[in-house]
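# Examination of the molecular architecture
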Amino acid sequence: MRQYESTLPRTSSCNSSNKLIIPSNYQKSNSIFNDPFEDNNFSYSPIIHKSRAGGVNFNFLKSFLRIISFPSILPTCMWLNLSPNLSVIPISLGRKFTGTLFGHRRGHVSFAIQNNPTSEPILLIEFAISTSALVKDMSSGLVRIALECEKAPRGSRHVRLFQEPRWTMYCNGRKCGYALSRACTDSDWHVLRTVQNVSVGAGVIPVVDDGRKCSESEGELLYMRAKFERVVGNRDSEAFYMMNLDGNGGPELSIFLLRT
């Protein structure tokens, strides 16, 4: 065996080579890959072509990028789809927010929740009690408002707590009627813009006629604005506590949202 090994020369196939071995039935093409969107018989080859310098062939990378073009991939990823109407996406509410109670003296009082004094209201609820009745309760020093709604039947579409349209309202333990979530009107915007520089306070603001029947017969327009602290129990319960910043022992106001 040693004699044959010393006399038989090595063939060139034993030498290392960087050349690609091309099969006999290989069909030549002007490009490494044909367009996969034009050729239905396209098949991906895992062979990586290298240039003479040893780097990756940029023509190969360009062809590969054409295969995985982002427009062809993004539609298949459902979790990447963005809603075309961003206004329907609820804005997240922080732990502390600005709350404004306002309404005509003999009309229903409304409660607006804003992330900051100049932002669009995240939630606007019209309470079932009048502004004068709430002012009277606030003078006692303690007000507890509970807003309750029923859970949707099993199998139906689940909505966020802020998206519930109707609430049964209780004020200091007595049932007052139904509170309604509603859109922000021009008169609401007038109130919120008027008091946007007020962090904490109460007062009277000019009346603006927005086309509704609430005119001077409902009395002057009152408002109270303060910071609230938000406490989340679960997806079916939240509580809002009015913060007394000056610490002078003012009235306490708590609002509870419950889905039972």
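This section reports on the structure supplied with the text.

Reading the values: the criteria
- Residues numbered from 1 in each chain as written.
- Predicted model: local features only at pLDDT ≥ 70, side-chain atom pairs only at ≥ 80, totals over all residues.
- Heavy atoms only, no water.
- Helix = DSSP H or I, 4+ residues; strand = E, 2+ residues; numbered from the N terminus.
- Buried < 20%, exposed > 50% of the residue type's maximum accessible area, 1.4 Å probe, protein only.
- Contact = heavy atoms within 4.5 Å.
- Areas by Shrake-Rupley, 256 points an atom, 1.4 Å probe, with all protein chains shown as cover.
- Phe/Tyr/Trp six-rings, centres within 6.5 Å; stacked < 30°, edge-to-face > 60°.
- Salt bridge = Lys/Arg side-chain N within 4 Å of Asp/Glu carboxyl O.
- Core = buried A, V, L, I, M, F, W, Y, C linked by side-chain atoms within 4.5 Å.
- Arc of directions from axis to C-beta.
- Polar contact = N/O pair within 3.5 Å; in protein donor to acceptor, adjacent residues only side chain to side chain.

## Some thoughts on the overall build of the chain
When helices and strands are counted, the chain shows five helices and ten strands. The proportion of buried residues among the 260 residues of the chain is 28%. Sequence-distant contacts in the chain: of pairs separated by 6 or more residues, those separated by 24 or more amount to 54%. In the structure as shown, the chain presents an accessible area of about 18,300 Å², 54% of it carried by carbon and sulfur atoms.

## Quick word on the packing of aromatic side chains
This model, assessed by the stated rule, comprises six aromatic pairs. Ring centres 5.1 Å apart and planes at 80 degrees place the aromatic pair F97 and F240 in the edge-to-face group. Note that F97 is positioned in strand β1 (residues 96-104) and F240 in strand β9 (residues 237-242), a separation of 143 residues in sequence. The pair F97 / F240 is uniform in exposure class, with both members buried. Three or more aromatic residues link up through ring pairs in this structure, and these residues are F97, F111, F127, F162, F228 and F240.

## Considering the pattern of salt bridges
Under the counting rule described, the total for this entry stands at ten salt bridges. Between R182 and E126 there is a salt bridge whose closest N-O contact spans 3.0 Å. With a gap of 56 residues between them, R182 in the loop between β6 (174-181) and α5 (186-194) and E126 in strand β3 (residues 123-130) connect regions that are remote in the sequence. A salt bridge links E238 to R230, with the shortest nitrogen-to-oxygen separation between them at 2.9 Å. Each member of the pair, E238 as well as R230, carries the same accessibility label: buried. One continuous salt-bridge network, built from bridges that share partners, spans K151, E164, D236 and R259.

## With respect to the side chain of S254
Checked against the element boundaries, S254 lands in strand β10 (residues 252-259). S254 gets classed as buried once you look at its relative accessible area, which sits at 4%. The contact partners of S254, leaving out residues within four places of it in the chain, are V143, R144, I145, F240 and Y241.

## Some remarks on the nonpolar core
Within the largest apolar cluster, 30 residues are counted, with the highest numbers of intra-cluster contacts made by F111, F127, I145, L147, F240 and L253. The biggest single contributor to this core is β3, with five residues. Those residues in contact with I145 that lie beyond four places of it in its chain are F127, L134, M169, Y170, C171, L253, S254, I255 and F256. Ranked by size, the runner-up nonpolar core spans nine residues in total, among them F102, A112, V191 and L221.

## Thoughts on α5
Residues of α5 that are buried include every one of S187, D188, V191 and L192, and no others. Along the long axis of α5, the arc covered by the buried residues comes to 135 degrees, so they all point the same way. Along α5, exposed side chains directed more than 90 degrees from the buried face belong to D186 and R193. Buried residues in α5 make contact with β1, β2 (108-114), β3, β7 (201-205) and β8 (221-234).

## What about the environment of S187?
On the secondary structure map, S187 appears in helix α5. Of the residues examined, S187 reaches a relative accessible area of 10% and is grouped as buried. Note: C-alpha distance between S187 and V207 (20 residues apart in sequence) is 8.2 Å. At 3.1 Å, the side chain of S187 forms a polar contact with the side chain of T185.

## Side note on the side chain of S237
Note on placement: S237 falls in strand β9. On the basis of relative accessibility, which here comes to 17%, the residue S237 falls in the buried class. Apart from residues lying up to four places away in sequence, S237 is in contact with L161, V232, L257 and L258.

## Some thoughts on the environment of R144
Mapped onto the elements of the fold, R144 is located in strand β4 (residues 142-149). Separated by 29 residues in the primary sequence, R144 and G173 place their C-alpha atoms 7.7 Å from one another. Once you skip the residues sitting within four places of it in the chain, R144 turns out to touch Y170, C171, N172, E252, S254 and F256. A polar contact of 3.3 Å, which involves the side chain of R144, links it to the side chain of S254.

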